[in-house]
Amino acid sequence: GAGVSQTPSNKVTEKGKYVELRCDPISGHTALYWYRQSLGQGPEFLIYFQGTGAADDSGLPNDRFFAVRPEGSVSTLKIQRTERGDSAVYLCASSPNRGRETQYFGPGTRLLVL
Amino acid sequence: DAKTTQPTSMDCAEGRAANLPCNHSTISGNEYVYWYRQIHSQGPQYIIHGLKNNETNEMASLIITEDRKSSTLILPHATLRDTAVYYCIVRGPGRDDKIIFGKGTRLHILP
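Rules of the game
- Residues numbered from 1 in each chain as written.
- Chains lettered and ligands numbered in written order.
- Predicted model: local features only at pLDDT ≥ 70, side-chain atom pairs only at ≥ 80, totals over all residues.
- Heavy atoms only, no water.
- Helix = DSSP H or I, 4+ residues; strand = E, 2+ residues; numbered from the N terminus.
- Rg over C-alpha atoms; globule rule 2.2 N^0.38 Å.
- Buried < 20%, exposed > 50% of the residue type's maximum accessible area, 1.4 Å probe, protein only.
- Contact = heavy atoms within 4.5 Å.
- Areas by Shrake-Rupley, 256 points an atom, 1.4 Å probe, with all protein chains shown as cover.
- Lys, Arg positive; Asp, Glu negative; His and termini not counted.
- Charge placed at Lys NZ, Arg CZ, Asp CG, Glu CD.
- Salt bridge = Lys/Arg side-chain N within 4 Å of Asp/Glu carboxyl O.
- 1 Å grid on protein atoms, 1.4 Å probe; cavity = no way out; pocket = protein on both sides within 12 Å on 5 of 7 lines; lining within 4 Å.
- Points joined across faces, edges and corners; volume = space filled by probe spheres on them.
- Nonpolar A, V, L, I, M, F, W, Y, C, P; charged D, E, K, R; others polar.

S.K.: Residues and numbers for the overall build of chain B, please.
M.R.: Within chain B one finds zero helices and nine strands. Starting at the N terminus and walking to the C terminus, you meet the elements of chain B as β-β-β-β-β-β-β-β-β. For chain B, the C-alpha radius of gyration of 13 Å lies close to 13 Å, the compact-globule estimate for 111 residues. Once the C-alpha set of chain B is aligned to its principal axes, its extents read approximately 40 × 30 × 25 Å. Residue burial in chain B is summarised as follows: out of 111 residues, 45% are buried. Pairs at least 24 residues apart make up 56% of the contacts formed inside chain B by residues separated by at least 6 positions. Approximately 5,800 Å² of chain B is accessible, and the part contributed by carbon and sulfur atoms is 48%. In chain B, the 12 positive side-chain charges and the 11 negative ones have mean positions that sit 5 Å from each other.

S.K.: I'd like to hear about the pattern of salt bridges, residue by residue, with values.
M.R.: Working definition: two side chains of opposite charge can pair if their charged atoms are close together. Inspection of the entire model under this criterion finds five salt bridges over all chains. Here aspartate 56 of chain A ties to lysine 98 of chain B by a salt bridge, and the two come within 3.3 Å at their closest N and O atoms. Taken together, the residues aspartate 56 of chain A in strand β6 (residues 53-56) and lysine 98 of chain B in the loop between β8 (84-91) and β9 (105-110) connect one chain to another. Accessibility assignment for this pair places aspartate 56 of chain A and lysine 98 of chain B in one class, buried. Notably, a salt bridge pairs glutamate 83 of chain A with arginine 64 of chain A, separated by 3.5 Å at the nearest N-O pair.

S.K.: Break down the layout of surface pockets for me, citing the residues and quoting the values.
M.R.: Its volume calculated, the largest pocket comes out at about 730 Å³. As for the largest pocket, its lining consists of 33 residues, of which Gln37 and Gly40 of chain A together with Gln38, Val85 and Arg106 of chain B are closest to the centre. Elements represented by at least two residues in the lining of the largest pocket include exactly β9 (88-95) of chain A together with β8 and β9 of chain B. Element by element, the count of residues in the lining of the largest pocket is highest for β9 of chain B, at four residues. By volume, the second largest pocket is sized at about 200 Å³. Counting residues per element, the ones that place at least two in the lining of the second largest pocket are β10 (104-105) of chain A together with β4 (45-50) of chain B. Taken together, the residues that form the lining of the second largest pocket break down as seven nonpolar, six polar and no charged.

Right, here's the structure in full:
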């Protein structure tokens, strides 16, 4: 079956611009996660949705970052006033429910802020 | 979640067993050991997890010591496609559902 998909696969933007990154989870998965991965580092947690609500947004670095999941499936990560330090791979994962269940990751969106 | 310690990198000859160690000396009784791997330019991929018994699936085996302070992931017959970064993660059953990744072990399979 289809896995987690993310669009775009690559995004180049200029400092100060607004970007949106999209995640399509596996159908039926209620839990959705966003992570960010800088070069040479492991992924870092950003935010976790259970259904439509953000159950844990403790990883969002500041108020320029925001994510939504209005219908409990597709999620959008929004970054305002992008900075060069936001350049990274943004990964999305989904799992059937919550807790220790396996998370299935998408291929990521590579964001480059010039 | 407990912290894990892994070697930065390892080499293994193709066709041999790759044994990847992980220390998690502060693991608590209800925390599980998970392994994920990340092949270049892809998202992390789940491999296996366990609590205290050894586990085996089609990808790998997980050996957890009796005191649960360390574990070893075994890829029985490594191939070039197993070249990746391998992450050992400890996760509890509590409300924190996020995965906390370290830097992992970069495994190079040599032809």
